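Each chain is listed here by its residues.
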Amino acid sequence: MEDQNAKKVLEVSHLKQYFNVGKKDEVKAVDDISFDIYEGETFGLVGESGSGKTTVGRAIIHLYHPTDGSIKFNGDEVVGMKDKAKLQSLRQNMQMIFQDPYASLNPRMKVRDIIAEGIDINHLAKSKEEREKMVADLLDTVGLNRDHASRYPHEFSGGQRQRIGIARALAVEPEFIIADEPISALDVSIQAQVVNLLKQLQRERHLTYLFIAHDLSMVKYISDRIGVLHYGRMLEIGDADEVYNHPLHDYTRSLLSAVPAPDPEYERTRTQLAYDPKYEDGSKDRELVEIAPRHWVQASQDEIEMYQKRAQEQGLPLV
Amino acid sequence: MQSNESILKVRDLKINFKTYAGTVQAIRDVSFDLKKGETLAIVGESGSGKTVTTRSIMGLLANNASVAGGSIMFHDKDILKMSQKELQGLRGAQIAQIFQDPMTSLDPTMKIGRQIAEPLMVHKNMSKSKALAQALEMMKLVGITDAEHRINDYPHQFSGGMRQRIVIAIALINYPEILIADEPTTALDVTIQAQILNLMRELQEKISTSIIFITHDLGVVAGMADRVAVMYAGKIVEYGTVDEIFYNPKHPYTWGLLSSMPTLDTNGAELPSIEGTPPDLLDPPVGDAFAPRNEYALNIDTEQEPPFFKVSDTHYAATWLLHPDAPKVTPPEQIIARQQQYAKMQQELAEQAREHHVEEEEEQP
Ligand SMILES: Nc1ncnc2c1ncn2[C@@H]1O[C@H](COP(=O)(O)OP(=O)(O)OP(=O)(O)O)[C@@H](O)[C@H]1O
Ligand SMILES: Nc1ncnc2c1ncn2[C@@H]1O[C@H](COP(=O)(O)OP(=O)(O)OP(=O)(O)O)[C@@H](O)[C@H]1O
Ligand SMILES: [Mg+2]
Ligand SMILES: [Mg+2]
């Protein structure tokens, strides 16, 4: 998707998000991570529970004040942004779709008003008629019926509720959408519908996505590039196919080996790789190093050679 | 571990729910057997009746539920006819259950050792000290490290994966004959999921429990199940061994289900998905309930419900496509690839059997 001169929509550098700073239960939920997201691409963020995925998403969308680091959206620094007009434009251009389609929709509001919330806040409709038309168009876009506007969330299935959440996010015509586990609560056949919808919208509207999920098969399918998060650190970044087919970091290898496939023969012989965290312990300074083109691994100076060898063994070109 | 002896026989089960809008026919004529030591997976869309089926086995139906027909035979006794007292004796002793969210099945105010020991005290009248000693053994068995020190901890002091281990310990403390696992790993990430699944396999070996496993993750089914039942709109539409369902599926709904899950090898612009929504069970359609969403539907599907057609001794599917007079259809690409793999596997098996046979002959003087 992205090429050399593609525009960077998001630039995260040295982001730290600690909780309970200075207390006994301090948590370094996100600890010095850097990555960029290019216009029109889907960046997938994977990692086990508690690795910091949601925290990254919430920091980007300005729900937290980062402990340290910088987040640039279309070149503007988001951290500590005070300018009202800029904040307004940020809120409009960046939207989040949440994991639980039920908990994130107000049960006492009609679908119409849920979807139009952003339209109202940002004064995007000039009249009641225009607002109504925008809602109807959005319902169309996400494959729901116009009559659904006057119903309440509990009258919908999980997949339909997630579509309402997507319509609400699209209402303000954002450029960039953070989707935090948007399909985890849905069953397989509905997951496919929602993923297809997200992809179709991306093609039609040139949207950029940060896609967070713990289902690695789905993340690979939808993402152009992938970042692997562990204990608040980014361990590996690269093109989705390459990270999955030629993982370089031991953690990525172990994580992928744990993914079950819908193939009994394969399952009978699949062996899961045990993980030894020796290449991410606190004993050395490590940073992301580009080993193969566009393929980065967290390494210390004396580990670079080992990763280069791993890359060569898998037939990857070196930088 | 598996045997052919059925320890549970569900026959023609029909369950309705009374709601303000009318009667929901949630389970419409479900029959299956559970064999000793096997893992039977039940898969199917949200709302297809997986949970209601297993809750009726536990004797735990909601107040607005009514059994409209059928039987669930467990050791020659019909669970549907048992008294509350008999059911309480059954639950947590011979039949146990683990749910998706460990937090909802644990008591946040009770030490975990006590929670694991409780079923022993209730069902076996065991003294507290003896039950706690067994609870400690069980904690070790399910892989809770430093069990001696953690026995007096409360649920919130454990991670999600550890909590699910505790739930499993509670379920297994009485060595139940049947364990019902309803989405036991859906809330967990792949790493922890792998640990829990390994644990379940190991424990099944040790205490030869039969498991009914509900999940929407077909990868998990492929790795856990001996047999698979596919449900749609309150009915089982296909069942067979795990290989038969994954490599030689016959029902178009099973085709759709298998195709809509991406694997690590899936590429391409669009995931095949089953468009449309499941039927309204307040007023189930005439004929095959899947017909409106089925691109392979025949005219007869809207008129008459398909019976089960036999594919093999262990494999049955309820679709008119298996009728001898039905037109031949070409299944989706992914399914053809699966069938080819199946053919290859069958061929290899046949060759192995032949070689084996030859060897045996050669050994004879
Ligand atoms: N508001 C908070 N206060 C204190 N700790 C927090 C807070 N939010 C998150 N954490 C901690 O930060 C870490 C990262 O949490 P986060 O929710 O980002 O993980 P995640 O990768 O999204 O996990 P999951 O896959 O379970 O959603 C965890 O240890 C979590 O307990
Ligand atoms: N107490 C109830 N009152 C009315 N209808 C009910 C009740 N419990 C279940 N149902 C209905 O019975 C049907 C089967 O529900 P069930 O919970 O068994 O589905 P499931 O296959 O387990 O789905 P999921 O994958 O979402 O857990 C659904 O249509 C559901 O709405
Ligand atoms: Mg999260
Ligand atoms: Mg259920």
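All of these numbers come straight from a predicted model, not from anything done at the bench. (Residues numbered from 1 in each chain as written. Chains lettered and ligands numbered in written order. Predicted model: local features only at pLDDT ≥ 70, side-chain atom pairs only at ≥ 80, totals over all residues. Heavy atoms only, no water.)

Take the overall build of chain A next. Broken down by element type, chain A carries 11 helices and 12 strands. In terms of overall size, chain A behaves like a compact globule, its C-alpha atoms giving a radius of gyration of 21 Å where 319 residues would be expected to give roughly 20 Å. Projected onto its principal axes, the C-alpha positions of chain A cover 65 × 55 × 45 Å. Within the span of chain A, comprising 319 residues, buried residues form 54% of the whole. Residue pairs at least 24 apart in sequence account for 65% of intrachain contacts in chain A once pairs closer than 6 positions are excluded. (Helix = DSSP H or I, 4+ residues; strand = E, 2+ residues; numbered from the N terminus. Rg over C-alpha atoms; globule rule 2.2 N^0.38 Å. Buried < 20%, exposed > 50% of the residue type's maximum accessible area, 1.4 Å probe, protein only. Contact = heavy atoms within 4.5 Å.)

This brings us to the pattern of salt bridges. Residues and elements named next belong to chain A. As enumerated under the stated definition, the model contains 31 salt bridges over all chains in all. Notably, a salt bridge pairs Asp76 with Lys86, separated by 3.6 Å at the nearest N-O pair. Taken as a pair, Asp76 in strand β5 (residues 76–77) and Lys86 in helix α2 (residues 84–93) lie far apart in primary sequence, 10 residues in all. Using a relative accessible area of 39% as the deciding quantity, one classes Lys86 as partly exposed. With a shortest N-O distance of 3.6 Å, Arg146 and Asp137 are connected by a salt bridge. For Arg146, a relative accessible area of 44% gives the class partly exposed. (Salt bridge = Lys/Arg side-chain N within 4 Å of Asp/Glu carboxyl O.)

Our next topic: the packing of helix α4 (residues 112–124) of chain B against helix α5 (residues 128–141) of chain B. Residue and element names in this part refer to chain B. One can describe the packing of α4 onto α5 by two numbers: an axis separation of 8 Å at closest approach and a directional angle of 115°. As α4 packs across α5, the resulting crossing turns out to be right-handed. Residues Ile112, Gly113, Arg114, Ile116, Ala117, Leu120 and Met121 of α4 form the contact with α5, whose participating residues are Lys128, Ala131, Leu132, Gln134, Ala135, Met138 and Met139. Here the residues of the contact of α4 with α5 sort into 10 nonpolar, 2 polar and 2 charged. (Axes fitted to C-alpha atoms, helices over the stretch in contact; angles between N-to-C directions. Left-handed = near helix turned anticlockwise from the far one by under 90°. Nonpolar A, V, L, I, M, F, W, Y, C, P; charged D, E, K, R; others polar.)

This part is about the site of ligand 1. Residue and element names in this part refer to chain A. Neighbouring residues of ligand 1: Phe19, Val27, Ala29, Glu48, Ser49, Gly50, Ser51, Gly52, Lys53, Thr54, Thr55 and Glu181. A distance of 2.8 Å separates an oxygen atom of ligand 1 from a polar atom in the backbone of Gly50. Surface burial for ligand 1 is 63%, taken as the share of its 640 Å² of free accessible area covered by protein chains. Listed by contribution, the elements that provide at least two residues to the shell around ligand 1 are β2 (27–38) and α1 (53–60). At 3 residues, the largest contribution of residues to the shell around ligand 1 is made by α1. When grouped by side-chain class, the residues that make up the shell around ligand 1 number 3 nonpolar, 6 polar and 3 charged. (Near = heavy atom within 4 Å. Polar contact = N/O pair within 3.5 Å; in protein donor to acceptor, adjacent residues only side chain to side chain. Areas by Shrake-Rupley, 256 points an atom, 1.4 Å probe, with all protein chains shown as cover.)

These figures capture arrangement, not role.
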